[in-house]
Amino acid sequence: MTKGHAFVLGASGQVGRAAVRALVADGWEVTAASRGGRRDERWPDEVRSVRLDRTEEGALAAGIGDGCDVLVDIVAYDGAHGRQLTGLADRIGSAVVVSSGAVYEDEQGRSFDTQDRPDGFPAYPVPIPEEWRTVAPGDGTYSTRKIALERELLAAGDALPTTLLRAGAIHGPYSPGPRELWFVKRALDGRPVRLLAYGGASRFHPVHVDNLAELVRLAAANPGSRVLNGGDPEAPTVAEIGAAIDAVMEVESETVLIEGAPEGTVGSTPWTAEHSVVYGMKAAERELGYRPVVSYAASLPETVEWLTGHLADREWREAFPGLAKYGVDLFDYAAEDAWLKSSRG
């Protein structure tokens, strides 16, 4: 006997793949929907895979059909998506929707949206509780769109009980923009040194896809209207992340610590921030009985293996066009060498 029908929107992506596996293992009948309709090789045969583009008029309603017991939305982005879901509330028992930890702002009104301004990166409490203040909803940025999404869904109340998961820095296989690439490629290139700004002490709380999938599984089985953070059991510093990746790849690298801010790209990494970003997980533990299924360090071998294979015989920009579009050279070794030469005389 199944727990019911779970409809997963965005199933072929990094988080969706893991969420489908977790739900099937927990006894759900799962429909995996995505624009490409791709299947994961680790999904069991009973997973129903369908092509669905939510931007097409009536496509989501047709995909859900007579309804589902829980809708898991990995790719919801803004208020319009929230209204799309609430408009189908009569056919959805409950929802689990992935939001973002980027929605918080500090006491000075600074957030991820303002980190490039002269007044600097936001200074959040450590850890950040779900009750902490957030940016205002709007259409201007990723953060404001995510809050608009949250507000629409929470306003539905009992009509559509929704668990919103404010995810940290998502990591694991199949990432379109893996932060670990910064260290992995340096090891593959035989790069003997890496430079880390802010003394290598930056912490940007990661969450592995399997831990996020566990939160999805628990929330699906325990419907309610709530907001929960999503983070790993630890928030390692960027220096600790580098050391852990080196250990997996069996290399030794010299770490040069820059006490201040990055100088251009020198010293900057995908985790670099002046102040730590750490998400509190007490609410998930209390409300869902959540316990993480994997630590950051324990998850790395699989991630490194996937990354290494994905980079095989390809330049990193070709392998990860989503990162390349930002126009930043993540591996400007010439600039690093020039900085080292200047600093060491």
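These lines cover the structure that appears in this document, whether it is placed above or below. (Residues numbered from 1 in each chain as written. Predicted model: local features only at pLDDT ≥ 70, side-chain atom pairs only at ≥ 80, totals over all residues. Heavy atoms only, no water.)

The subject of this paragraph is the pattern of salt bridges. As enumerated under the stated definition, the model contains 23 salt bridges in all. In this structure, D246 engages R194 in a salt bridge whose closest nitrogen and oxygen atoms are separated by 3.2 Å. With a gap of 52 residues between them, D246 in helix α7 (residues 238-249) and R194 in strand β8 (residues 193-196) connect regions that are remote in the sequence. Residue D246 shares its accessibility class with R194, and that shared class is buried. A cluster of three or more residues bridged by salt bridges with shared partners is formed by K3, D26, E214 and R217. (Salt bridge = Lys/Arg side-chain N within 4 Å of Asp/Glu carboxyl O. Helix = DSSP H or I, 4+ residues; strand = E, 2+ residues; numbered from the N terminus. Buried < 20%, exposed > 50% of the residue type's maximum accessible area, 1.4 Å probe, protein only.)

Read across the sheet, 7 strands follow the order β3-β2-β1-β4-β5-β6-β10 without closing on themselves; strand pairing throughout is parallel. Only two strands of the sheet have a single neighbouring strand rather than two, namely β3 (48-51) and β10 (226-230). Recorded for the sheet is a direction-independent mean angle of 20° between the axes of neighbouring strands. Sheet topology note: the strand β6 (residues 162-167)/β10 ladder contains 5 bridges and is parallel. What sits directly across from T163, in β10, is R226. Lying over the sheet, helix α4 (residues 142-155) contacts β5 (92-100), β6 and β10, oriented at roughly 160° with respect to β5. Contacts between helix α6 (residues 209-221) and the sheet are confined to β2 (28-34), β4 (68-73), β5, β6 and β10, with β6 contributing the most and set at about 165° to the helix. (Pairing = 2+ DSSP bridges. Axes fitted to C-alpha atoms, helices over the stretch in contact; angles between N-to-C directions. Contact = heavy atoms within 4.5 Å.)

The geometry of helix α5 (residues 181-188) relative to α7 is characterised by a closest axis approach of 10 Å and an angle of 45° between their N-to-C directions. As summarised for this structure, α5 and α7 are arranged oblique, according to the angle between their axes. Regarding α5 and α7, the two cross each other, and that crossing is right-handed. Between α5, through F183, V184, A187 and L188, and α7, the contact on the second element is made entirely by V238, I241, G242, I245 and M249. (Parallel < 35°, antiparallel > 145°, perpendicular 65-115°, else oblique. Left-handed = near helix turned anticlockwise from the far one by under 90°.)

The next thing to look at is the environment of A61. With respect to the secondary-structure elements, A61 resides in helix α2 (residues 59-64). In sequence terms A61 and G87 are 26 residues apart; their C-alpha atoms lie 9.3 Å from each other. Residues in contact with A61, not counting those within four places in the same chain, are L88 and R91.

Okay, the packing of aromatic side chains next. Counting across every chain of the model gives 11 aromatic pairs. Cluster of aromatic residues (ring-pair linked, three or more members): F112, F121, Y124 and F204. The ring of F331 has K185 lying over it, and the distance from NZ or CZ to the ring centre is 5.3 Å. (Phe/Tyr/Trp six-rings, centres within 6.5 Å; stacked < 30°, edge-to-face > 60°. Lys NZ or Arg CZ within 6 Å of the ring centre and 35° of its normal.)

Our next topic: helix α12 (residues 333-343). Along α12, the positions that sit buried rather than exposed are Y333, E336, W339 and L340. Around the axis of α12, the buried residues are gathered within 125° of arc, so they sit on the same side. Of the residues in α12, the exposed ones pointing more than 90 degrees away from the buried face are A334, K341 and S342. Looking at the buried residues of α12, the elements they touch are α5, β8 and β11 (254-257). (Arc of directions from axis to C-beta.)

You can see K146 is positioned in helix α4. The side chain of K146 is buried and forms no salt bridge, while D73, the nearest opposite charge, is found at 7.6 Å. Within polar-contact distance, the side chain of K146 engages the backbone oxygen of A76 at 2.7 Å. Beyond its immediate chain neighbours, meaning those up to four positions away, K146 contacts A76, Y77, V98, S99, S100 and V103. (Lys, Arg positive; Asp, Glu negative; His and termini not counted. Polar contact = N/O pair within 3.5 Å; in protein donor to acceptor, adjacent residues only side chain to side chain.)

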